[in-house]
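# Residue-level structural notes
Residues per chain, in single letters:
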Amino acid sequence: MTRPGPRLRGLTVTAGAVAALLTGFLTGGGAAASTPAHPAPRTTTFSVAPDGRGSACSPHDPCALTTAQAKVRTANRGGGADIDVVLADGTYRLDRTLALDAAKGDGARAGHHVTYQAAPGAHPVLSGGERIGGWQRGPDGVWQARVPAGTRTRQLYVDGVRADIASEAAPGGLTQTATGYTTADSTIEGFHHLSDVEFVYDIGWVQIRCRVASAAGTTLTMDEPCFQNALNRQYPVSTDVLAQIQNAKELLDDPGEWYLDETAHTVYYRPREGQDMRTADVEIPRLQTLVSGTGTAAQPLTGVAFRGLSFAYAGWTAPDGPDGFAETQANMRFTGEDAWKYQGTCEKFSTTDPGTCPYGDWTMTPGNVVFDHATALSLTGDTFTHLGAAGLQLGRAVTGADITGNVFTDISSSGIEIGNGSDAADAALLPSHNTVADNWIHHIAVEYTGGVGIFQGYTRYDTLTHNQIDDVPYSGISSNWGWGRVPVVKTAGNRITDNLVEDAMQQRGDGGGIYVLGQQGDSFADGLLISGNVVRYDAGYGNGIYTDGGSQYVTETGNAVYGNDTASFGGCREPAAPYGDFRFTGNYYESLTPGFSCGDPDDATLTGNTLIGPDGSGVPASLLADAGLEPAYAHLAAAPAGRTPVDYALHKPVQAQYLDGSTAALQPGSQAAYATDGDPATAAQATNRYLWQLVVDLRAGRQLGCVTVTMPRSNFATAFHVDTSADGTTWTTAGTATGTGWGTVPVTFATPVTARYLRVVADHPDQGAQRGSQMAVAEVGAYGVGTDLALGKPTQARYMDGTQALLQPGSRPTYATDGDPATSTQATAQFRWMQQIDLGRATSVDVVSLLQPDTAFATHWHIDVSLDGWTFRTVARHDDTAGGLSGVRLDSPVLARYVRVIADRPDNGAQLGGQMALSEVGVYGLTPNG
């Protein structure tokens, strides 16, 4: 497998050090030279604080951030030093963009660095937000607060969690016209601020947003040019893909929704359960650009670094205007009158009346942190969150940047943007030799769902490596542009290596975990390398690794692609455009049949690829271990650790018996001790008889409150019971389980019992041809407590975009935690949905169980946990599920307040299970007090 060479992060080679090395080598002393030619360079430090008002910019007299910037410029005129601007803890509320300009002296000089960094132990936040206070409760449970005149925002955050804009599912009775719609009634016309109302369309790989211009009776006229640019695009809008209407006070009916009345200077919010608006921290963004850095070709911005900072609460309101958000792909969009025909279309629609070139030169969504004409830029250990545009944008002529160890989350558009779709032929303008490594990019494109984790337009010799990208609505990584319709493309030498991309394509379609298009080089030698990546659990249609229109010179080797609801690899050739020059060798694919749905590529080598299981079985352990965040950065995505419970059964003596007490014969290769060895990959299983029992000697009397039984997917009991005994002779049934499947099933006791012995007794299957085949036991666990932490707790049903789910008639969200197996909660209108439970406080969690009706169930689902209700981490998955009781034991306990169950399949009609319904969700902590 070809791997990228080693990269040096954070390496500062000073002028003095270089001189010392040269002196040593030129005098023949080499490393033995003991006296440097120049003393080590000094570092100038300026200390700042959120309330800093000093002029010394010292630790005892900190200054404001703007004062420190002025001092940096003054110090740079003297040259000869690295400069550190050290930020104390707290929130720095910016009233204007922190604009770094090479011409004004904001960059480093002579090989030095200017570093804006957190003080030791501090977590400073550069905020473009404004806190909203003075909330008052209205008679209908909606709270309101005044905001300054002129306030415009598309986002509102309550205690660090993004609120939902007031919305409802698209109404029926709409008929599309050339300028808008006719409606079955005049309800929308009656909305108080009609021009605020936004129509949202979900169309394959894009999401389009256009506002209503006016209404007359049952006739709606839409904003222009947004509607025409959407209506006439290659894949036009239609009424059957109108997903929602948003942004009207009349739609403010669900907890967590908000609306801004710009005319009345008032914001309205309906709180979620547990939120106290008298004390809540409510933020709206005021700035679009938090930080900018710019230079020129002659004088680039050089050597600027940001370390340990958070960039938060910046917005973007352009989609409110007449252009709306007429997306073409990856949050590129049409802007301007007749843009659908003339913007970036070249001769696609007409040779006599052509559009502008190059093809695909559409309007980018801006970044909230942006750089152009910059060299040796470094962003390490930073967090980009609560942002209304794209997170970080590396624009024209950014070279040698190191973007390492950052977190990107809760961002309206893409996480990172590199390059653009305009500068294909100008190598001097293309970003080059940049490294994007070991970043955790998740839950981005939360507003504009066609966005991607990392967008890489036209770039050269960039490396995207060891990133973890998960829970994104469209593609994880999108590389290059042009669809083969651009005659001169200077893209070359890019590498996408050792990334972990999972749970991509959660809302959009026709993309992939890794998506590429256009000419990637002039030969295989300088083409695109895709190597060592793991792509798994994509939801939407497309390909796991997708080589789309015009792709050329792509090498794909040593990747693992599995568990996706789509082909492992493939693409679609663009008519009359080159497509091919592929080498796909040595990969591990769930399907070896390529998804070349528009015709086979030219000159494609597909050899030496290995067929693997949908669960990744057959993938080398080293490949799985190497993909994603490296060990030094693994903590970024790791769930907070819970408390390890005491398992009284671990490594204790165990016997396999038939029901008459005689010693049971075991299946070949099975051992009774496997049931208590702590390894879920081994299992104890009897032979000759269907019904048998497993007896564990705890070696001492123990007070027990819960027993867990883990069974493999190949063989499991569909019903069993647990007996306890003080002496091994007299037994009492302490708990039963019925309708069980494979996985970990918790059996809690109505009252704690004291026992030395316990036994797990199979009740079903009791003959051949029954589900489960025969009980096998991978692990038995015995614990002092086992409380269902979810019982009676607040819970919500949501769609995959986080909005409140519509429920089946007679269903309620609380049915999933009410303790009554006869009730259930089930969404409607969308196959995939999730149930989120608030445990009330941070608690150690070990096991999660699901009870689903036999008539409606998820066959594939996963568990996410969170401390704050926004940053969720996947901690367990389950597939091959049927109706009844199933569960998962986490690899290690986690600390969580919020737990959610997410349906992965069925995700469309005619699939087994129909749709997930939840009779009960159980969340168990196996240590005292949770």
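Residues numbered from 1 in each chain as written. Predicted model: local features only at pLDDT ≥ 70, side-chain atom pairs only at ≥ 80, totals over all residues. Heavy atoms only, no water.

It is worth spelling out the pairing of strand 61 (residues 740–764) at this point. Two elements, strand 58 (residues 692–711) and strand 61, share 14 bridges in a ladder whose sense is antiparallel. Its bridge partner being in strand 61, Val 696 is matched across the sheet by Leu 758. Relative to strand 61, strand 59 (residues 719–725) runs antiparallel, the two sharing seven bridges. Among the inter-strand pairings, Phe 720 is bridged to a residue of strand 61, identified as Ala 762. Direction of pairing for strand 61 relative to strand 68 (residues 884–905): parallel, over a ladder of two bridges. Bridge pairing links Gly 743 to Gly 887 in strand 68. (Pairing = 2+ DSSP bridges. Helix = DSSP H or I, 4+ residues; strand = E, 2+ residues; numbered from the N terminus.)

Time to look at the environment of Tyr 313. Examined against the element boundaries, Tyr 313 turns out to sit in strand 26 (residues 310–314). Separated by 158 residues in the primary sequence, Tyr 313 and Gln 155 have C-alpha atoms spaced 8.8 Å apart. Residues in contact with Tyr 313, not counting those within four places in the same chain, are Ser 127, Gly 128, Gly 129, Tyr 157, Gly 160, Glu 283, Pro 285, Arg 286, Thr 385, His 386 and Leu 387. (Contact = heavy atoms within 4.5 Å.)

Attention now moves to the sheet that holds strand 10 (residues 157–158). Within the open sheet, the four strands sit side by side as 7-22-10-11. Their pairing is antiparallel. The open sheet is flanked by strand 7 (129–131) and strand 11 (161–162), the only strands paired with a single partner. Pairing geometry for strand 10 and strand 22 (residues 282–285), over two bridges, is antiparallel. When the bridges of strand 22 are listed, Val 158 appears paired with Val 282.

With that out of the way, let us pick up the nonpolar core. Of all hydrophobic cores here, the largest spans 126 residues; its most connected members are Tyr 116, Leu 126, Phe 199, Tyr 201, Phe 306, Phe 311 and Phe 371. Those residues in contact with Phe 311 that sit more than four places away from it in its chain are Leu 126, Leu 290, Val 291, Phe 306, Val 369, Leu 379, Asp 382, Thr 383, Phe 384, Thr 385 and Leu 387. Listed in part, the 36 residues of the second largest apolar core include Leu 694, Val 707, Val 747 and Ala 755. (Core = buried A, V, L, I, M, F, W, Y, C linked by side-chain atoms within 4.5 Å. Buried < 20%, exposed > 50% of the residue type's maximum accessible area, 1.4 Å probe, protein only.)

Take the state of the cysteines next. Under the definition given, this model contains four disulfides. Residue Cys 57 pairs covalently with Cys 63 via a disulfide, S to S 2.1 Å. One disulfide, between Cys 57 and Cys 63, carries an S-S torsion of 110 degrees and so falls in the right-handed class. Exposure remark for Cys 57: the relative accessible area of 2% places this residue in the buried category. Accessibility expressed as a relative area gives 0% for Cys 63, which makes it buried. Between the sulfur atoms of Cys 346 and its disulfide mate Cys 357 the distance is 2.3 Å. In this pair, Cys 346 sits in the loop between helix 4 (339–342) and strand 29 (367–372) while Cys 357 sits in the loop between helix 4 and strand 29, placing the two residues 11 residues apart along the sequence. A relative accessible area of 51% places Cys 357 in the exposed class. For the protein, the bonded cysteines connect in the pattern 1-2, 3-4, 5-6, 7-8 when numbered consecutively along the sequence. (Disulfide = S-S within 2.5 Å.)

All right, on to unusual backbone geometry then. Here Glu 224 and Pro 225 are connected by a cis peptide whose omega angle stands at 15 degrees. With respect to the helices and strands, Pro 225 occurs in the loop between strand 18 (219–222) and helix 3 (226–231). With a phi angle near 70 degrees, Asn 247 is a residue other than glycine that sits in the positive phi range. With respect to the secondary-structure elements, Asn 247 resides in the loop between strand 19 (242–246) and strand 20 (257–261).

Further remarks concern helix 2 (residues 65–78). Compared with the 20 Å implied by 1.5 Å per residue over 14 residues, the 21 Å span of helix 2 between its first and last C-alpha is a close match. Three or more residues of helix 2 are buried, namely Leu 65, Ala 68, Gln 69, Val 72 and Asn 76. Seen end-on, helix 2 carries its buried residues on one side only, within an arc spanning 105 degrees. Facing away from the buried side of helix 2, by more than 90 degrees, are the exposed residues Arg 77 and Gly 78. If you follow the buried residues of helix 2, they end up packed against strand 1 (42–48), strand 2 (81–87), strand 4 (98–101), strand 5 (114–118) and strand 6 (125–127). Positive backbone phi, approximately 70 degrees, marks Gly 79, located one or two places after helix 2. (Expected span 1.5 Å × (residues − 1). Arc of directions from axis to C-beta.)

It is worth spelling out the confidence of the model for the protein at this point. Summary statistics for the protein give a mean pLDDT of 94 and a share of 95% for residues scoring 70 or more. Here helix 1 (residues 15–26) is the element of the protein with the lowest mean pLDDT, 36, and strand 37 (residues 435–437) is the one with the highest, 99. (pLDDT = per-residue confidence, 0-100.)

Turning to the sheet that holds strand 48 (residues 543–547), a few remarks are in order. Across the sheet, which stays open at both edges, the 11 strands sit in the order 4-23-29-33-36-39-42-45-48-51-54 with parallel pairing between neighbours. The outermost strands of the open sheet, each flanked by one partner alone, are strand 4 and strand 54 (595–596). Strand direction decides the pairing type here: strand 51 (residues 567–571) and strand 54, joined by two bridges, are parallel. Of the residues in strand 54, the one forming a bridge with Gly 570 is Gly 595.

Before going further, it helps to spend a moment on the UniProt feature "domain: F5/8 type C" (unreviewed entry) in the protein. In the numbering adopted here, UniProt assigns the feature "domain: F5/8 type C" (unreviewed entry) to residues 643–785 and 836–926. The straight-line gap between the two end C-alpha atoms of residues 643–785 is 13 Å; of that span, 0% is helix and 48% is strand. (UniProt positions renumbered as here; feature names shortened; annotations may be inferred.)

Attention shifts here to the environment of Pro 236. Summarising the element assignment, Pro 236 is placed in the loop between helix 3 and strand 19. When the C-alpha atoms of Pro 236 and Ile 203 are compared, they prove to be 8.6 Å apart, with 33 residues separating the residues in sequence.

A word on the packing of aromatic side chains. The full count for this structure, using the stated rule, is 29 aromatic pairs. Ring centres 4.4 Å apart and planes at 10 degrees place the aromatic pair Phe 384 and Phe 408 in the stacked group. Here Phe 384, found in strand 32 (residues 383–387), pairs with Phe 408, found in strand 35 (residues 407–408); they are 24 residues apart in sequence, far enough to count as distant. A single burial state applies to Phe 384 and to Phe 408, both of which are buried. Within the aromatic cluster, the residues linked to one another by ring pairs are Tyr 116, Phe 306, Phe 311, Phe 371, Phe 384 and Phe 408. Over the ring of Phe 524 we find Arg 583; its NZ or CZ atom is 3.9 Å from the centre of that ring. The ring of Phe 872 has Arg 900 sitting right over it, with the charged end atom 3.7 Å from the ring centre. (Phe/Tyr/Trp six-rings, centres within 6.5 Å; stacked < 30°, edge-to-face > 60°. Lys NZ or Arg CZ within 6 Å of the ring centre and 35° of its normal.)

Once that is clear, we can look at the pattern of salt bridges. All chains considered together, the criterion is met by 32 salt bridges. Residue Asp 320 pairs with Arg 154 through a salt bridge whose shortest N-O separation is 2.6 Å. Placement of the pair is Asp 320 in the loop between strand 26 and strand 27 (326–329) and Arg 154 in the loop between strand 9 (143–146) and strand 10, with a sequence separation of 166 residues. Like Asp 320, the residue Arg 154 is buried in the burial classification. The salt bridge partner of Arg 573 is Asp 602, with a shortest N-O separation of 3.1 Å. Highlighted residues: Arg 573 in the loop between strand 51 and strand 52 (580–585) and Asp 602 in strand 55 (residues 602–607), separated in sequence by 29 residues. On the basis of relative accessibility, which here comes to 22%, the residue Arg 573 falls in the partly exposed class. (Salt bridge = Lys/Arg side-chain N within 4 Å of Asp/Glu carboxyl O.)

Below, the discussion takes up the side chain of Gln 343. With respect to the helices and strands, the residue Gln 343 is situated in the loop between helix 4 and strand 29. Engagement of the side chain of Gln 343 in a polar contact is seen with the side chain of Thr 363, the distance being 2.9 Å. The contact partners of Gln 343, leaving out residues within four places of it in the chain, are Arg 333, Phe 334, Thr 335, Asp 338, Thr 356, Asp 361, Trp 362 and Thr 363. (Polar contact = N/O pair within 3.5 Å; in protein donor to acceptor, adjacent residues only side chain to side chain.)

Judged by how many residues are buried, strand 68 sits mostly within the fold: 16 of 22 residues are covered. The pairing of strand 66 (residues 860–866) with strand 68 spans seven bridges and is antiparallel. Its bridge partner lying in strand 68, Trp 861 is registered against Ala 903.

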